[in-house]
Amino acid sequence: MTAAAVDTARKPVSMAQALGRALRDAMADDPSVHVLGEDVGALGGVFRVTDGLTKEFGEDRCTDTPLAEAGILGAAVGMAMYGLRPVVEMQFDAFAYPAFEQLISHVSRMRNRTRGAMPMPITVRVPYGGGIGGVEHHSDSSEAYYMATPGLHVVAPATVADAYGLLRAAIASDDPVIFLEPKRLYWSKSDWSPDRPEQVPGIGRAVVRRAGTSATLITYGPSLPVCLEAARAATAEGWDLEVVDLRSLVPFDEETVCASVRRTGRAVVVHESTGFGGPGGEIAARITERCFHHLEAPVLRVAGFDIPYPPPMLERHHLPGVDRVLDAVARLQWESEWTAGSEGGTR
Amino acid sequence: MTVLEQPGSYRPTPPPAWQPRTDPTPLLPDAEPFRLLGTDAAADLDPELLRRLYGQLVRGRRYNTQATALTRQGRLAVYPSSTGQEACEVAAALVLQEQDWLFPSYRDTLAAVARGLDPVQALTLLRGDWHTGYDPHEHRVAPLCTPLATQLPHAVGLAHAARLKGDDVVALAMVGDGGTSEGDFHEALNFAAVWQAPVVFLVQNNGFAISVPLAKQTAAPSLAHKAVGYGMPGRLVDGNDAAAVHQVLSEAMRRARSGGGPTLVEAVTYRIDAHTNADDATRYRPDAEVEMWRGHDPILLLEQELTSRKLLDEAGMEAERQAAERMAADLRERMNQDPLLDPMDLFTHVYAEQTVQLREQADRLRAELAAAEELSPGHQEGTQR
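Keep in mind that this is a model prediction, so the values were computed, not measured.

Along chain A, the regular secondary structure elements total 13 helices and 14 strands. Its C-alpha atoms give chain A a radius of gyration of 21 Å, near enough to 20 Å, the size a compact globule of 347 residues would have. Taken over the C-alpha atoms alone, chain A extends approximately 70 × 50 × 45 Å along its principal axes. Taken over 347 residues, chain A has a buried fraction of 60%. Looking at chain A as shown, the accessible area adds up to about 13,300 Å², and 53% of this sits on carbon and sulfur atoms. Averaged over its 33 positive side-chain charges, chain A has a centre that lies 4 Å from the centre of its 44 negative ones.

Now the structure itself:
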């Protein structure tokens, strides 16, 4: 490709397109990258993320497998043992459960049990989360299971630029990465240049998406747009909310999160996954351990209810929305601010 | 709707007559397990191969008895003995070429040793000082696998990857009769057949999954019959006949190597010892059954063949026994030394790059160790077992 042919113009690109571009570029750059899964070939994936890969790279590089998640991931383990970098697609969050044995017994601990002799550079792409009207088993948020398994990285992009950058980083990683793709953001678009993708921080770094002073919203994946909208709406109440996008749940960027909470003194963790035993509890505990003397209110969680993911006609009542986030912000004991003798208003 | 209203106007195209894609007959196993020793066909066997198998069997039996003794002395946390199954273990190792890969289960330490692994390193998992005591790439032996059948898809993936790279590599994966009930067994065989991957699956049917007999494990005519459903050949062999197992596996390996795809081999054998030292086998099987199988011992079968054909005399047998004794003495001596463990190894090899959180936890342990050393100098060294 000549320099003149490089399209540097930024134009509206969907997250699904950026993910597909990341796969394509990774395969073009490294012949050891192989994509495998159910429907990833001729169909291009049910979300079209793998569209065109078989045509460009052949069936050996982008392979339609039998319908068997444990088999897909188990075969990927053997491929990784032989020096390939498999990228497997699980199609839907709850469809990944049959592969848990392979994930937990082998993928996550192969490096450890072989004293580093057998790293597992496997990327497991899991379209996850609700909000698309999916029927049962098409909307689960399973991140807590993955977070509880040592040896895995757990990543969830929320922007088009991150979708590309984090997927490239995941494929390049010598460790297994659970790559959670928020389904309801697949068609969200941003101006982005496919041939000149912007640099984004790597796995393990959080980003402050909106600076603020009153409180910190800590979130990731599909809940980021909700939190940004809540922060805009909150200005009407006089609250100036900071929004931290974790981007990576494992490793967890304590520095960025704690620095933000120390600045604002208040924190709300927002995610779709269940609250009890969910990611928010871990994050709230870490904030409390490290920032207790900076906190002016307990760390609150806005999460999905502690129920099996509901049927699509009821999911809007389950998913944390702007109102629920703002309600939590209002419960951050704001009266303490005025009783502290200040003139009121924001800190 | 219009079809129903105007009868006769609709002429559906009949579907094409259904045809099986593969004639299942050649895939079916024979009714009886294949045997060589004691038959006329044994006359064609290579004497050198028979002597080699014999030497490995004798060493293998001694290895099993020595390892079992080490559990009684507390030197091994557990040992799943393969006594009675040595023919399968040894043949599996000997049919592999240097570049091939072995995927053993937890009971297949002996196959790994016969492949060339240091016996002490092969026992590391069972001693408990690390999960895998060897570099799998060195002898191309995957880590001993504790979950059932989960290593089978790995064998398929590795063989598939090797073929994609154009390498002449065959993977041999070992599993027990109980493991054939697991989902991963099914998925591995299905993937292997669809991909025509160069894999050989060896089922050691030793009669019991801990205490559950085969009749309660499967309703299949034989485990080898399962192959037909995947579109690969199933082969049934006497698992105590080392020559027969070697020949059937060799044919399967040749077939895989030449692009003919996977084979499922069921070796019918018997676990003479209990499942592990933690098991009481008298609760679920009669002594008479064990005694009957002792009469079909793999070493005796081969010994009879070798002596009747005058390929081995008493002096030759004694030489093999002494070689096995030396191996056992060396194993005993080295296993009786406490392994030197570094607790800080807990944090190495979790990730390629240690996370901030793990660095903090490593610092905490380092401080605990330093405090303990201050209280009781030298106490930590060599006594962490």
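Glancing now at the pairing of strand β13 (residues 267–274) of chain A. All names here are of chain A. Of all eight residues that make up β13, seven are buried, and the element is covered over most of its length. Pairing between strand β10 (residues 215–219) and β13: three bridges, direction parallel. Across the sheet, the residue bridging to L217 is V268, located in β13. Here β13 pairs with strand β14 (residues 300–304) via four bridges, running parallel. Looking across to β14, one finds that V269 is bridged to R301.

The next subject is the sheet that holds strand β7 (residues 263–268) of chain B. Across a sheet, paired strands are connected by hydrogen bonds in the backbone, their directions being either parallel or antiparallel. Residues and elements named next belong to chain B. In space, the five strands of this open sheet follow the order β1-β2-β3-β7-β6, with parallel pairing throughout. Strands at the two margins of the open sheet, each flanked by one partner only, are β1 (101–103) and β6 (234–238). Between one strand and the next, the sheet's axes are offset by a mean angle of 20°, whatever the strand orientation. As judged from the six bridges shared by strand β3 (residues 199–205) and β7, these two strands associate in the parallel manner. Directly across from L202, in β7, lies its bridge partner V265.

Once that is clear, we can look at the UniProt feature "domain: Transketolase-like pyrimidine-binding" (unreviewed entry) in chain A. According to UniProt, the positions carrying the feature "domain: Transketolase-like pyrimidine-binding" (unreviewed entry) are residues 13–188 of chain A. Structurally, residues 13–188 of chain A is divided into 36% helix and 17% strand, and its ends, taken at the C-alpha atoms, are 8 Å apart.

Attention now moves to the side chain of R125 of chain A. Relative to the helices and strands, R125 of chain A is located in strand β5 (residues 123–128). Discounting residues that sit within four places of it in the chain, R125 of chain A has contacts with L23, V49, T50, V87, V88, E89, M90, L167, F179, E181 and Y186 of chain A.

Let's shift gears to the layout of surface pockets. Of the pockets and cavities examined, the largest pocket occupies roughly 530 Å³. Around the largest pocket sit 23 residues that line it, and M147, V250 and R286 of chain A together with Y351 and Q357 of chain B are the ones nearest its centre. Within the residue set of the lining of the largest pocket, elements represented by two or more residues are α6 (143–147), β12 (248–250) and α10 (279–291) of chain A together with α16 (356–375) of chain B. For the lining of the largest pocket, the leading source of residues is α10 of chain A, giving four residues.

Let us look at the nonpolar core. L73, Y146 and I287 of chain A together with F201 of chain B are the most contacted members of the largest nonpolar core, which totals 89 residues. It is helix α3 (residues 69–81) of chain A that provides the largest number of residues to this core, a total of eight residues. For I287 of chain A, the residues in contact, after removing those within four places along its chain, are I218, V257, V261, A267, F292, L295 and V299 of chain A. Listed in part, the 64 residues of the second largest apolar core include L50, L70, L94 and V245 of chain B.

Turning next to unusual backbone geometry. All names here are of chain A. Between V250 and the following residue, P251, the backbone shows a cis peptide bond with an omega angle of -5°. By secondary structure assignment, the location of P251 is in the loop between β12 and α9 (254–264). The backbone phi angle of D39 is positive, close to 75°, even though this residue is not glycine. Here D39 shows up in the loop between β2 (33–37) and α2 (53–57). Using a relative accessible area of 24% as the deciding quantity, one classes D39 as partly exposed. At R48, a position not held by glycine, the phi torsion is positive, near 65°.

Time to look at the interface of chain A and chain B. Contact with chain A, which involves 44 residues of that partner, is made by 40 residues of chain B. Of the roughly 3,500 Å² buried where chain A meets chain B, counting both sides, 63% is carbon and sulfur surface. Taken as a group, Y82, R113 and R115 of chain A account for 22% of the area that chain A buries against chain B, more than any other trio of residues on that side. At the junction of chain A with chain B, the criterion picks out one salt bridge. The partner of R115 of chain A in a salt bridge is D345 of chain B, with the nearest N and O atoms 3.0 Å apart. Counting residues per element, the ones that place at least two in the side of chain A that touches chain B are β2, α3, α4 (100–107) and α5 (110–113) of chain A. No other element matches the ten residues that α3 of chain A contributes to the side of chain A that touches chain B.

So, about the confidence of the model for chain B. Detailed reading of the predicted model is not advised wherever pLDDT is low. The share of residues in chain B with pLDDT of 70 or more is 96%, and the mean pLDDT across the chain is 94. Across the assembled chains, the prediction reports ipTM 0.94 with pTM 0.94.

The subject of this paragraph is the pattern of salt bridges. This model, assessed by the stated rule, comprises 43 salt bridges over all chains. Among the salt bridges present, the one from R266 of chain A reaches E296 of chain A, with a minimum N-O distance of 3.8 Å. Of this pair, R266 of chain A sits in the loop between α9 and β13 while E296 of chain A sits in the loop between α10 and β14, and the two are 30 residues apart along the sequence. Accessibility expressed as a relative area gives 0% for R266 of chain A, which makes it buried. With a relative accessible area of 29%, E296 of chain A lands in the partly exposed category. Between R321 of chain B and E318 of chain B there is a salt bridge, with the nearest N and O atoms lying 3.3 Å from each other.

In this section: the environment of R263 of chain A. Tracing the backbone shows R263 of chain A in helix α9. Linking R263 of chain A and F57 of chain A, residues 206 residues apart in sequence, is a C-alpha distance of 49 Å.

Residues and elements named next belong to chain B. When the terminal C-alpha atoms of helix α8 (residues 152–164) are compared, their 18 Å separation across 13 residues agrees well with the 18 Å that a helix rising 1.5 Å per residue should span. Within α8, eleven of the 13 residues are buried, which leaves the element mostly enclosed by the surrounding structure. At the exit of α8 stands G166, carrying a positive phi of roughly 80°.

Residue and element names in this part refer to chain B. Put simply, helix α3 (residues 86–94) and helix α12 (residues 242–257) touch, their axes get as near as 9 Å, and they point 35° apart. The hand of the α3/α12 crossing is right-handed. On the side of α3, the interface is formed by A87, C88, A91, A92 and L94, while α12 contributes A242, V245, H246 and L249. Classifying every residue of the contact of α3 with α12 gives eight nonpolar, one polar and no charged.

On to the packing of aromatic side chains, then. Under the counting rule described, the total for this entry stands at 15 aromatic pairs over all chains. Centre to centre, the rings of F208 of chain B and Y270 of chain B are 6.2 Å apart; their planes meet at 80°, and the pair counts as edge-to-face. Of this pair, F208 of chain B sits in strand β4 (residues 208–209) while Y270 of chain B sits in the loop between β7 and α13 (287–294), and the two are 62 residues apart along the sequence. For the pair F208 of chain B and Y270 of chain B, one class covers both residues: buried. Ring pairing ties together the aromatic residues F47, F92, F95, Y186 and W187 of chain A, which thus form one cluster.

About the thresholds
Residues numbered from 1 in each chain as written. Chains lettered and ligands numbered in written order. Predicted model: local features only at pLDDT ≥ 70, side-chain atom pairs only at ≥ 80, totals over all residues. Heavy atoms only, no water. Helix = DSSP H or I, 4+ residues; strand = E, 2+ residues; numbered from the N terminus. Rg over C-alpha atoms; globule rule 2.2 N^0.38 Å. Buried < 20%, exposed > 50% of the residue type's maximum accessible area, 1.4 Å probe, protein only. Areas by Shrake-Rupley, 256 points an atom, 1.4 Å probe, with all protein chains shown as cover. Lys, Arg positive; Asp, Glu negative; His and termini not counted. Charge placed at Lys NZ, Arg CZ, Asp CG, Glu CD. Pairing = 2+ DSSP bridges. Axes fitted to C-alpha atoms, helices over the stretch in contact; angles between N-to-C directions. UniProt positions renumbered as here; feature names shortened; annotations may be inferred. Contact = heavy atoms within 4.5 Å. 1 Å grid on protein atoms, 1.4 Å probe; cavity = no way out; pocket = protein on both sides within 12 Å on 5 of 7 lines; lining within 4 Å. Points joined across faces, edges and corners; volume = space filled by probe spheres on them. Core = buried A, V, L, I, M, F, W, Y, C linked by side-chain atoms within 4.5 Å. Buried area = accessible area lost by both parts, 1.4 Å probe. Salt bridge = Lys/Arg side-chain N within 4 Å of Asp/Glu carboxyl O. pLDDT = per-residue confidence, 0-100. Expected span 1.5 Å × (residues − 1). Left-handed = near helix turned anticlockwise from the far one by under 90°. Nonpolar A, V, L, I, M, F, W, Y, C, P; charged D, E, K, R; others polar. Phe/Tyr/Trp six-rings, centres within 6.5 Å; stacked < 30°, edge-to-face > 60°.

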